[in-house]
Structures are given as C-alpha cells and as structure tokens.
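Geometric and topological summary
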Amino acid sequence: MSQLGSSIFAEVAEWRKEAAGKGRNIINLGIGSPDKPPTEAVRKALSEAALRTDIYAYPGTHGSRSFREQAAAWMEHRFGVKLDPDHELVSLMGSQDGLSHLAMSLCNPGDVVIVPNPGYPIYTAALALAGVEPYLLPLKEENHFLPDLDSVPVEVWERAKFILLNYPGNPVSAIVDLAFFERLLAKAKQYGVLVVHDAAYSEMAFDGHEPPSILAVPGALDGAVEFHSLSKSFNMAGCRIGFLAGNREAVGALRELKENIDYGVFGAVQEAGVAALQEAMSASAPPKAGVLYEQRRNSFIEALAAEGWAVEKPKATMFAWAKLPERSDGTTWTSREFARGLLDQTGVVVIPGEAFGSEGEGYVRIALVEDEARLREAARRIGEYLKS
C-alpha cells in the first residue's frame with residue numbers, strides 16, 4: 001500500500017473542506033463526475049428492474065447475456081467491430097474495476113508494463129498492487145501528447161506483457177486516428193506485446209471528430225483489448241458499469257480473476273446499461289455527451305483567454321489540460337502550489353498535473369463539470385488569482 005501513496009482526489013477533497021471552512025464558495029472542477037443524470041429511459045429501466053423480486057440474486061461475474069449481447073451490438077453499430085459476447089466481452093463494475101485488476105490477471109511479479117506519463121493514477125497503482133514494474137512512456141506537448149514508440153528500448157519491449165494507452169486521453173485531452181492504432185499494433189506485434197486501450201471517452205469528442213476503436217483495425221482481436229465505460233458517455237458514473245472487449249485470452253483471464261473476487265454488476269444496473277446502449281443505437285438517439293462538453297469547452301476557454309490565460313482547446317473529453325502561465329513576477333508555480341493556492345483563495349478546485357506523473361508537472365487538469373455560467377465564474381476567479 002505504501003507504493004500507492006495517497007489518492008490525489010482524497011487529498012484535494014481535504015483541501016476543499018478547509019477552503020469551505022474558511023467560507024469559500026466552492027466551484028468543484030476537480031473530479032470528472034458528470035453533473036447530469038442519465039436519460040429518462042435509462043432511469044426508468046433501472047427503477048423498474050430494481051422493483052423486480054428476482055433481481056437480487058448474485059448476478060454472476062461474466063455479466064448478463066442481455067448486457068453482453070447489447071454491448072457487442074453497440075460495438076458493431078458504433079465501430080464496425082464484431083465480437084463474440086460469450087468469449088470476447090466481460091462486464092465490469094466500471095472500467096476502473098478492470099483497469100485495477102488486469103495486471104493481476106495477465107502478469108507475474110517482476111514483469112514490465114508500458115504505461116503513459118502523464119496517465120490516470122490507476123494505471124500505475126494497479127501495477128504496484130500486482131508487483132509489476134512500470135515503464136513510463138512520456139507524452140509531451142511538442143509531440144501532441146502522442147507516444148514515441150520507437151523511443152522504448154528493445155529490452156523493455158522484450159520484457160513487456162502489455163502496453164496501455166488512452167485516447168481520447170485523461171488527463172491530456174489528445175486524440176488519435178485509426179492509422180495510429182495500426183502503427184501501435186504493428187509495433188507491439190513484433191514483440192508479442194498485448195495492446196490495452198482505455199476508451200472511456202470515446203463518445204466525448206469535439207469538432208466533428210469520431211474516435212475510432214483499436215479493435216476496428218483488421219486482426220486487432222489477436223493482440224488487443226479495449227475498455228469501455230458507461231460512466232461518462234451516458235452519465236452513469238454512480239452505477240458502476242462498463243466492459244472489456246477484445247482478445248479472448250485476455251478477456252478470459254480477467255473474467256477468471258474476477259470470478260474469485262466479486263459476483264458481478266447488480267442486475268438492475270445491467271438492465272439500465274442495456275437501455276442506454278439501445279437508446280444510443282436508436283433512430284431517436286439523444287445527442288452524444290460530447291455536444292454538451294464542447295459547448296462548455298468553448299465558453300470556458302474563451303472566458304479564460306479574456307482573463308489573460310490562453311489554454312489550448314481540448315479536442316475531446318470533459319477535461320482541459322492547462323499549461324500553467326508565469327506568475328505576474330515572472331516566476332513559475334508548481335502544479336500543486338497553483339492548485340492549492342487557487343482553491344484556498346478562490347474556492348475553485350482543479351487537480352495538479354503532477355498527480356498524473358512527472359510529465360504532468362507544469363499543468364493542471366480542469367473538469368468541465370459545471371454549467372456554462374459557473375464555468376465563466378470560475379474563469380473570472382482564476383483571472384483574479386493570476387492577477388494577484
């Protein structure tokens with residue numbers, strides 16, 4: 001446990017309590033928790049299922065047949081990917097459930113896994129729990145936050161069990177095309193390395209971009225798996241439901257591990273997941289989550305610019321990855337110093353970039369989880385802080 005350190009989100013929550021105790025009006029742009037509910041159809045499916053008397057038995061780790069079939073149908077509808085719902089897909093209590101357990105199911109202590117830096121904290125935490133050595137792959141602004149795969153030493157590729165990447169990205173809001181996935185798979189195949197793609201934000205892209213699935217690359221099922229989550233795409237974060245799809249050996253290993261440690265997703269939540277995926281495939285599908293966050297992005301980034309902080313517009317997700325400006329006296333902040341001071345003086349919560357890895361220093365992550373008026377107010381307060 002000592003290798004994990006303290007959760008940055010828990011730490012920032014303590015900062016928030018301190019600021020609230022001083023009378024600050026809090027605008028929480030820290031954790032990426034959607035502020036909107038699921039659609040009425042999803043809520044109705046959840047409530048009706050929860051009233052059934054037969055829904056309270058152990059659901060089973062594999063996931064209900066109806067959810068797996070619907071998830072497979074959605075993957076084909078959305079990405080053109082055909083999956084066997086019995087062997088190439090397993091339900092999860094949110095994608096973090098799978099991310100935290102995958103290394104335990106695929107690796108032995110001492111193995112190597114390639115993970116992005118900066119990256120979501122569970123990526124390295126899961127490796128620590130499994131006794132696995134991380135190789136931190138830098139994502140740099142000058143390379144549009146894409147990895148330089150050729151910079152990874154041959155001896156690392158030869159030892160690695162899998163490489164984990166995340167596009168659209170968190171914390172960096174970068175995107176890739178299918179050609180990138182083709183190059184990634186070809187490189188990994190040279191060394192027999194599994195590719196693990198975290199696609200939690202696939203439905204939250206902007207400016208007309210439609211993020212592809214790595215599984216859409218011909219032959220990808222031989223060497224890749226992909227995590228999907230209903231949390232952000234369908235405003236179901238508290239429901240805890242997602243799935244892993246792809247290579248059947250890897251999917252089967254995770255399912256076998258989870259059969260030893262949990263009993264699966266509550267059946268009523270799986271029914272709500274089915275409703276969400278069906279609705280997304282229907283002729284009357286509601287707008288994707290990305291529509292809302294694109295509007296918020298535009299409003300917030302423009303308001304920040306008016307306050308003197310030019311931040312690059314994110315291309316996807318619910319986050320802005322903001323490079324810190326210089327202080328008014330020409331010196332620079334650390335990301336933790338900026339985030340702590342901003343919260344203490346203005347009540348605006350952001351997450352310091354160093355929490356996501358050493359390459360995150362000099363940035364903060366800002367979650368667009370308030371309405372446009374509150375985001376503009378946050379920008380105004382940030383402007384005051386910068387001027388002070």
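In this numbering scheme, every chain counts its residues from 1 along its sequence in written order. Two thresholds apply to this predicted model, a pLDDT of at least 70 for residue-level local features and 80 or more for giving and counting side-chain atom pairs, whereas whole-chain, interface and lining totals are computed over all residues. Computation of side-chain values: all heavy atoms of the structure, hydrogens and water removed.

**What to know about the sheet that holds strand β12 (residues 363-367)**
Heads up, the condition is: DSSP calls a pair of strands paired once it identifies at least 2 bridges connecting them. Numbering goes from the N terminus for both helices and strands, where a helix is a DSSP run of H or I of at least four residues and a strand is a run of E of at least two.
The strand order across the open sheet formed by three strands is β9-β12-β11, and the pairing between neighbours is antiparallel. In this open sheet, the two edge strands, each paired with only one partner strand, are β9 (319-323) and β11 (351-352). Pairing between β9 and β12: five bridges, direction antiparallel. Residue pairing across strands places W321 opposite R365, the latter belonging to β12.

**Some details on the pattern of salt bridges**
Rules: Salt bridges are defined as contacts in which a side-chain nitrogen from Lys or Arg sits within 4 Å of a carboxyl oxygen from Asp or Glu. Exposed residues in this analysis have more than 50% of their type's maximum accessible area, buried residues have under 20%, and partly exposed residues fall in between, with area computed by a 1.4 Å probe over protein chains only.
Tallied over the entire structure, the rule returns 32 salt bridges. We note a salt bridge from K161 to D111, for which the minimum N-O separation is 2.9 Å. Residue K161 is found in strand β5 (residues 160-165), and its partner D111 is found in the loop between α4 (95-106) and β3 (112-117); the two are separated by 50 residues along the sequence. K161 gets classed as partly exposed once you look at its relative accessible area, which sits at 32%. Across the salt bridge formed by E133 and R159, the nearest N and O atoms sit 3.3 Å from each other. Here E133, found in strand β4 (residues 133-138), pairs with R159, found in helix α6 (residues 154-159); they are 26 residues apart in sequence, far enough to count as distant.

**As for unusual backbone geometry**
Note: most residues except glycine have negative phi, and most peptide bonds are trans. For the bond from N117 to P118, the omega torsion is 10 degrees, close enough to zero to count as cis. You can see P118 is positioned in the loop between β3 and α5 (122-130). With an omega dihedral of -5 degrees, the bond running from Y167 to P168 counts as a cis peptide bond. Mapping P168 onto the fold places it in the loop between β5 and α7 (178-190). Positive phi outside glycine occurs at D207, with the angle close to 60 degrees. Among the structural elements, D207 can be located in the loop between β6 (194-198) and β7 (224-229).

**Notes on the UniProt feature "domain: Aminotransferase class I/classII large" (unreviewed entry) in the protein**
Selection criterion: UniProt positions are given in the numbering used here, feature names are shortened, and annotations may be inferred rather than shown by experiment.
In the UniProt entry, the feature "domain: Aminotransferase class I/classII large" (unreviewed entry) is given for residues 25-382. As annotated, residues 25-382 has a helix share of 39% and a strand share of 15%, and its two end C-alpha atoms lie 13 Å apart.

**Looking at the pairing of β12**
Buried residues dominate β12, accounting for five of its five residues. Because side chains alternate across β12, one face comprises the buried residues Y363, R365 and A367, and the other comprises V364 and I366, equally buried. Relative to β12, β11 runs antiparallel, the two sharing two bridges. Bridged to P352 within β12 is V364.

**Here we look at helix α10 (residues 267-281)**
Let me state the cut-off plainly: Helix span is expected to be 1.5 Å times the residue number reduced by one. Contacts: residue pairs with any heavy atoms within 4.5 Å of one another.
Taking 1.5 Å of rise per residue, the 15 residues of α10 would be expected to cover 21 Å, and the 21 Å separating its terminal C-alpha atoms lies within 8% of that figure. The set of residues buried in α10 consists of G267, A268, V269, Q270, A272, G273, V274, A275, A276 and L277. Here the buried face of α10 lies against α2 (40-50), α3 (65-79), β2 (89-92) and α8 (230-233).

**Examining helix α11 (residues 289-306)**
Compared with an ideal rise of 1.5 Å per residue, which puts 18 residues at 26 Å, α11 spans 26 Å between its outermost C-alpha atoms and is within 8% of the ideal. Among the residues of α11, A289, G290, Y293, R296, R297, S299, F300, I301, A303 and L304 are the ones counted as buried. Lining the buried residues of α11 we find α8, β9, β12 and α13 (372-387). Looking one or two residues beyond α11, the residue adopting positive phi is G308, at roughly 100 degrees.

**So, the nonpolar core**
Stated precisely, the cut-off is as follows: For the purposes of this section, nonpolar cores are sets of buried Ala, Val, Leu, Ile, Met, Phe, Trp, Tyr and Cys residues that join through side-chain atoms within 4.5 Å.
One finds I163, F300 and W309 to be the most contacted residues of the largest nonpolar core, which totals 97 residues. In contact with F300, other than residues within four places in its own chain, are I366, L368, L375, A378, A379 and I382. By size, the runner-up hydrophobic cluster in this structure holds 24 residues, among which are L92, V113, A125 and A250.

**Here's the deal with the packing of aromatic side chains**
For the record, the criterion: Side-chain rings of Phe, Tyr and Trp, where Trp is taken by its six-membered ring, are said to pair if the distance between their centres is within 6.5 Å; with planes under 30 degrees apart they count as stacked, over 60 as edge-to-face, and otherwise as tilted. Any Lys NZ or Arg CZ that is within 6 Å of a ring centre and within 35 degrees of that ring's normal is treated as a charge sitting over the ring.
In this structure the tally under the stated criterion is 17 aromatic pairs. With a centroid separation of 6.4 Å and 35 degrees between ring planes, the pair formed by F9 and Y120 is classed as tilted. Here F9, found in helix α1 (residues 8-21), pairs with Y120, found in the loop between β3 and α5; they are 111 residues apart in sequence, far enough to count as distant. Taking the relative accessible area as the measure of exposure, Y120 reaches 21% and is therefore partly exposed. Relative to F338, the ring of W309 has its centre 5.6 Å away and its plane inclined at 65 degrees; by these criteria the two rings are edge-to-face. Taken together, the positions of W309 in the loop between α11 and β9 and F338 in helix α12 (residues 335-346) put the pair 29 residues apart, joining distant regions of the chain. For the pair W309 and F338, a shared accessibility class is recorded, and that class is buried. Here a set of aromatic residues connected by ring pairs shows up, and it is made of F145, W321, F356 and Y363. Above the plane of the ring of F319 lies R365, whose end atom (NZ or CZ) is 3.9 Å from the centre.

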